[in-house]
Every structure is written in structure tokens, then in C-alpha cells.
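Breakdown of the fold
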Amino acid sequence: MTLFYLAAYPQYMDHLRDEVDRVVREHGWTKAALDEMHKVDSFLREVMRASGMTTGTMSRKAVKDYTFSDGTFVPAGTYLMAPTSAIYTDDTVYPNAVEFNPWRFSDMRNQGEHVKLVNTNLNFLSFGHGYHACPGRFFAVSEMKIILAHIVATYDVKMEQEGVIPTPIMIGHVCVPSRKAEILVRKKLPSQMA
Ligand code: HEM
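Residues numbered from 1 in each chain as written. Predicted model: local features only at pLDDT ≥ 70, side-chain atom pairs only at ≥ 80, totals over all residues.

Secondary structure assignment for the protein yields 7 helices and 8 strands. In terms of overall dimensions, the protein has C-alpha extents of about 65 × 35 × 30 Å along its principal axes. The proportion of buried residues among the 194 residues of the protein is 24%. The long-range fraction of contacts in the protein, counting pairs at least 24 apart against all pairs at least 6 apart in sequence, stands at 68%. (Helix = DSSP H or I, 4+ residues; strand = E, 2+ residues; numbered from the N terminus. Buried ≥ 20, exposed ≤ 12 C-beta atoms within 10 Å, placed from the backbone. Contact = placed C-beta atoms within 7 Å.)

With that settled, consider unusual backbone geometry. Its identity as a non-glycine residue notwithstanding, Met58 has a phi of 55°, on the positive side. You can see Met58 is positioned in strand β1 (residues 57-61). Non-glycine residue Asn96 carries a positive phi angle of around 50°. Mapped onto the elements of the fold, Asn96 is located in the loop between α5 (84-88) and α6 (104-110).

Membership of the largest hydrophobic core comes to 19 residues, with the highest contact counts inside it found for Val20, Met37, Val40, Leu44 and Leu148. Among the elements of the structure, α2 (13-27), α3 (31-36), α4 (38-51) and α7 (137-154) are those that each provide at least two residues to this core. Residues Leu6, Ala7, Ala8 and Met159 belong to the second largest nonpolar core, which totals 5 residues. (Core = buried A, V, L, I, M, F, W, Y, C linked by C-beta atoms within 7 Å.)

When the UniProt feature table is mapped onto this chain, "binding site: heme" (unreviewed entry) is found at Cys134. Mapping Cys134 onto the fold places it in the loop between α6 and α7. Apart from residues no more than four positions distant in its own chain, Cys134 is found in contact with Phe127 and Gly128. (UniProt positions renumbered as here; feature names shortened; annotations may be inferred.)

For the rest of this paragraph, the subject is the site of the ligand. The environment of the ligand is formed by 13 residues, the closest being Gly128, His132, Cys134, Gly136 and Ala140. Those elements giving two or more residues to the shell around the ligand turn out to be β1 and α7. Classifying every residue of the shell around the ligand gives 6 nonpolar, 6 polar and 1 charged. (Near = placed C-beta within 6 Å. Nonpolar A, V, L, I, M, F, W, Y, C, P; charged D, E, K, R; others polar.)

Its 14 residues give α4 an end-to-end C-alpha distance of 20 Å, which sits within 8% of 20 Å, the value for a rise of 1.5 Å per residue. A large share of α4 lies buried, amounting to 13 of its 14 residues. Gly52 lies just past α4 and shows a positive phi near 85°. (Expected span 1.5 Å × (residues − 1).)

Attention now goes to α7. Compared with the 26 Å implied by 1.5 Å per residue over 18 residues, the 25 Å span of α7 between its first and last C-alpha is a close match. Taken together, the buried positions of α7 are occupied by Met144, Lys145, Leu148, Ala149, Ile151 and Val152. Buried residues in α7, looked at end-on, bunch into an arc of 160°, giving them a common side. Exposed positions of α7 whose direction lies more than 90 degrees from the buried face are Phe139 and Glu143. Residues of α7 that are buried sit in contact with α1 (2-8), α2, α3, α4 and β5 (155-158). (Arc of directions from axis to C-beta.)

Written out as C-alpha cells, the structure is:
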């Protein structure tokens, strides 16, 4: 999905590339470099938010009657999910939520908010939250950052039609990237590489 966003919005490529070139020049391809890639991190988190990935997450079954602090009563046997897509498209949570803003989270981070991709909170549930939050996310995020950083450092990518994300397939509540979409990929010339 990230590749589709990267290709659909090529105007962000140079910002990512500048960041990757700068931190890799300073730290090499190391964990320290990944930690410095705030824009790469933000881009990935914004793709997870904007694309939704799932309409809901953290499925649970109530094993006994439960009343939430606001009075909501959940009888035993009820299945529940946290409504990720409702949260991710709520303008009061994410201003101008409909807009893909790749620097949304790096800007928030600059203001002192804990919104690195590995950070979970009630407004970002793609890795779950609380006691059962995904323990594999630290590994997964490092992998995703390495792949995105490598792509921007090595290739130019674009979609035939700018600004259009190929329609995903919904399987139940899970959003699967289109398997038919095509992306134009061109390897950068050696002289363009850092
Ligand atoms: C982008 C990649 C990934 C995403 C989006 C993701 C998402 C999630 C989510 C949403 C949960 C919480 C489910 C819940 O509360 O019901 C979860 C749990 C879990 N994830 Fe991941 N995950 C990813 C990668 C990984 C990887 C790479 C591993 C292992 C190497 C992993 C291992 C686990 C385990 C063991 C749990 C269960 C934790 C528990 O129940 O206490 N995940 N994941």
C-alpha cells in the first residue's frame, strides 16, 4: 500500500530521499539511521491511517456482562471491535482526515507528541493497544522503514495517473491492496545516488 501512495504522490519522493541520504551518510545503514528517519516513519504511519488497513481491530468476545464507565452495557457473549476506520476518518481526531498528509506525524512529533510508528494510542490502533499490543511491531517497523528507505534511495516510482490510489479489495473487514494495479519504476542513475 505504501508503494501505491509513494507512486501516486511523487512530489513527496525528494523529501524522503533527502532525509534518507542525509542520515545514511551520517550513520550508514544502521539502526541509528532508521531512528533518525522521521519522515519515512511518518509517511508509513500516515499510509496506515489513510488506507485504513482494516475497518476494525482488536476483536474480543465478552466472557461476562460488563458495563463501561460511560454506562454502555455489554452482555456476555457479545463480539466487539475497536472501530479503526471511524477513528482514522474523524476530523476531530485527525484534522482534515480525508487528506493524505505524509508529514502529519513528523509535524506532531516536532511538537513533542509520541507518534512514532511503533507508538500505539487510542487514536492509532493499527498495532493494537495495551496489554496485547503487537510485540512484533518493532521488527515490522524496522523492516518497513528499511524497504521504503531503500526504494526512495534507489528508484523513481510513479503511477500512470497521479494522485489516484488503486482501489483496494475488502475481504471482510480487511483491506487488501489491489493486485492488478501497475506502477512505473525506474532505477536512478548512479550519478543521482548518494
Ligand atoms: C505491519 C505488520 C504488523 C501489523 C499491522 C500487526 C498488527 C497487530 C495487531 C493489530 C495486533 C493486536 C491484535 C489484538 O489486540 O487483537 C497484533 C498482535 C500480535 N502481533 Fe502483530 N502485527 C504486525 C507484525 C507482526 C510481526 C512481524 C510479528 C512477529 C514477529 C507479530 C506478532 C504478533 C503477536 C504475537 C501478537 C499477539 C500479542 C498478544 O496477544 O499479546 N506481529 N499485531
